[in-house]
Amino acid sequence: MSRYAIVTTAPDFQQRLQDAASGALEGEIHAWLGSSFPSGAQELVDQLPDPRLLDVLVLGPGVALDDALLLADEFEVQHPEVSVLLATTPSPSVVLSAMRAGIRDVVEPEADVADLSVLLHRATRSAAIRRRAASLSSGETSGSANGRVIAVVSPKGGAGKTTVASNLAVGLAANAPHATVLVDLDLQFGDVASALSISPDHSVTDAVHGPARRDTMVLKSFLSAHPTGLFALCAPDLPDSADQVSGEDVSHLLDQLASQYRFVIVDTSPGLSDHTLAALDKATDYVFVSGMDVPSVRGLKKELDVLRELGLTPITRHIVLNSADQRDGLTLADVETTLGTKVDIVIPSSRPVRISTNQGSPLLQGKKRDPASKALRKLLLRFAPPVIVSTKGKGRHRGGKS
Ligand SMILES: Nc1ncnc2c1ncn2[C@@H]1O[C@H](COP(=O)(O)OP(=O)(O)O)[C@@H](O)[C@H]1O
Ligand SMILES: [Mg+2]
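Values in this document were obtained by computation on a predicted structure and should not be read as measured data. (Residues numbered from 1 in each chain as written. Chains lettered and ligands numbered in written order. Predicted model: local features only at pLDDT ≥ 70, side-chain atom pairs only at ≥ 80, totals over all residues. Heavy atoms only, no water.)

A. Region of the structure containing the overall build of the protein. Helix and strand content of the protein: 16 helices and 15 strands. Taken across its 402 residues, the protein has 52% of its residues classed as buried. Looking at the protein alone, contacts between residues at least 24 apart form 74% of all its contacts between residues at least 6 apart. Looking at the protein as shown, the accessible area adds up to about 18,100 Å², and 52% of this sits on carbon and sulfur atoms. (Helix = DSSP H or I, 4+ residues; strand = E, 2+ residues; numbered from the N terminus. Buried < 20%, exposed > 50% of the residue type's maximum accessible area, 1.4 Å probe, protein only. Contact = heavy atoms within 4.5 Å. Areas by Shrake-Rupley, 256 points an atom, 1.4 Å probe, with all protein chains shown as cover.)

B. A look at the pairing of strand E4 (residues 83–87). Counting buried positions over the five residues of E4 gives five, a clear majority of the element. Every second residue of E4 is oriented toward a common face, with Ser-83, Leu-85 and Ala-87 on one face and Val-84 and Leu-86 on the other, all of them buried. As judged from the three bridges shared by E4 and strand E5 (residues 105–107), these two strands associate in the parallel manner. Across the sheet, the residue bridging to Leu-85 is Asp-105, located in E5. Read as a crossover between parallel neighbours, the route from E4 over helix H4 (residues 92–100) to E5 is right-handed. (Pairing = 2+ DSSP bridges. Right-handed = clockwise from strand over helix to strand, strands pointing away.)

C. Local environment of unusual backbone geometry. Along the chain, Gly-60 connects to Pro-61 via a cis peptide bond; the corresponding omega equals -5°. Counting through the fold element by element, Pro-61 comes out in the loop between strand E3 (56–59) and helix H3 (65–78). Even without being glycine, His-178 reaches a positive phi, approximately 60°. Relative to the helices and strands, His-178 resides in the loop between helix H6 (161–175) and strand E7 (180–184). On the accessibility criterion, His-178 (55% relative accessible area) is exposed. One non-glycine residue with positive phi stands out, namely Ser-323, at about 55°.

D. Broad picture of the site of ligand 1. Around ligand 1, 16 residues are found, and the nearest of them are Gly-158, Lys-161, Thr-163, Ser-350 and Thr-357. For ligand 1, an oxygen atom lies 2.9 Å from a polar atom in the backbone of Gly-160. At a separation of 2.8 Å, an oxygen atom of ligand 1 approaches a polar side-chain atom of Lys-161. Relative to its unbound accessible surface of 560 Å², ligand 1 loses 80% to contact with the protein. Every element with two or more residues in the shell around ligand 1 is listed here: H6, strand E12 (316–324), strand E13 (345–348) and helix H15 (351–359). Its residues placed into classes, the shell around ligand 1 shows four nonpolar, 10 polar and two charged. (Near = heavy atom within 4 Å. Polar contact = N/O pair within 3.5 Å; in protein donor to acceptor, adjacent residues only side chain to side chain. Nonpolar A, V, L, I, M, F, W, Y, C, P; charged D, E, K, R; others polar.)

E. H4, seen in detail. The complete set of buried residues in H4 reads Val-94, Val-95, Leu-96 and Ala-98. Those residues of H4 that are buried lie in contact with H3, E4, E5 and helix H14 (332–339). Positive phi appears at Gly-102, one or two residues downstream of H4, with a value of about 85°.

F. The arrangement of the sheet that holds E7 in detail. Reading across from one edge, E8-E9-E7-E10-E6-E11-E12-E13 is the order of the eight strands in this open sheet, with mixed pairing throughout. Both edges of this open sheet fall to strand E8 (224–225) and E13, since each of them pairs with a single strand only. Relative to strand E9 (residues 231–233), E8 is paired through two bridges, and the arrangement is antiparallel. From the neighbouring strand, Ser-224 faces E9, where its bridge partner is Ala-232. Of the strands in this sheet, strand E6 (148–153), E7, E9 and strand E10 (263–267) touch helix H11 (residues 247–258), which is tilted by about 150° from E10. (Axes fitted to C-alpha atoms, helices over the stretch in contact; angles between N-to-C directions.)

G. Main features of the environment of Arg-213. Inspection of the secondary structure puts Arg-213 in helix H9 (residues 211–214). By relative accessible area, which is 22% here, Arg-213 ends up partly exposed. Once the C-alpha coordinates of Arg-213 and Leu-253 are considered, the two residues, 40 residues apart in sequence, prove to be 7.3 Å apart. Non-local contacts of Arg-213, meaning those with residues more than four positions away in its chain, are made with Ala-207, Val-208, Glu-248, Asp-249, His-252 and Gln-256.

H. Representation of the pattern of salt bridges within the structure. All chains considered together, the criterion is met by 13 salt bridges. Taking the shortest distance from any N to any O, the salt bridge between Asp-12 and Arg-16 comes out at 3.1 Å. In this pair, Asp-12 and Arg-16 both sit in helix H1 (residues 11–22), four residues apart, roughly one turn of the helix. For Arg-16, a relative accessible area of 18% corresponds to the buried category. Its salt-bridge partner being Lys-342, residue Asp-344 comes within 3.3 Å of it at the nearest N-O pair. Exposure remark for Lys-342: the relative accessible area of 30% places this residue in the partly exposed category. (Salt bridge = Lys/Arg side-chain N within 4 Å of Asp/Glu carboxyl O.)

I. Layout of the packing of aromatic side chains. Applying the stated criterion to the full structure yields two aromatic pairs. Sitting over the face of the ring of Tyr-261, Lys-220 holds its NZ or CZ atom 5.7 Å from the ring centroid. (Phe/Tyr/Trp six-rings, centres within 6.5 Å; stacked < 30°, edge-to-face > 60°. Lys NZ or Arg CZ within 6 Å of the ring centre and 35° of its normal.)

Dropping the structure here:
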């Protein structure tokens, strides 16, 4: 069984990787040493005894950076489930190029067996999650179908989580009406109800206790309907009620909702509370939101590091820079260098966003074309293809499953 493959000129590194893999992990390493490098992804895969089992490909040490990036790019397109790692001395520019080529991690050539073992574990887990995602989107679900759980998080309050979550939810509901639900896990001070102008009869606290916990039909009746076809489960009115909800309650609730809805969007409180960690553990997709100021960006960097240490790896990860204004002294390049990864979406600081919050009507509920709405739509496209209105007057067609 070849779950790992390595292309390198360094037999000692290959030996350490071999030792790391033969510890707690199951699987052999298929190695290309020295001059006989495969020229492309296809040639590499063709030489494996069973290419379908490949989880992790390690490139280097000794592979030219450009060659490694090209090969990683090919894998990203042809075999997106395989986690590609780059073994080279990490400089900020190398790390950025690596991330852009879809490389999952950059590892020091001197890394010891213990470090390599942790890395292989993470990379294998991430490959398993991506395989699951691929089978989900091709409709090969086993047992109960599971929707995507999208957690919107940030270390700081006021970063724009609720703005992003409510717009994403309204936008996804246009693609999947009555199949999208927004959950407010900012249990103390959540404001999803205000963002959507709804007055819920029931809250998350009601949903995790009593009959709704055992019966999804009851749970569904606890959701508030929004005119866009979105459902919402709002935070309780009283901040004290948050104590009545445990991390395990959150896990159970998200399992229930994901078994019934195609998209479950989770708005969270600042930082990594038990509720947020439980949501991240269940989430298939993470959306990180940061302001464009040094404390926010540093906070996000710490959060990314902590989640990495915890081995929490989603299927997709999206970094949103919100209320961005380069006149405030930070550039996009500064932010990307600090984070060590690229920013996916930049939402400008915008008056229409503030107005929409005050009116309780997410921007994507309308057809506005201001820069913030455009950026939010770009984020939406990362989860759902656009709804195409048929010119033959036969109603709406969806662009396919995301
Ligand atoms: N891009 C933006 N431009 C201007 N104001 C924004 C922007 N994003 C969010 N805001 C405002 O900032 C405030 C906090 O946003 P919110 O989404 O509630 O943050 P969080 O949920 O992270 O605490 C709201 O009043 C919102 O209108
Ligand atoms: Mg909020």
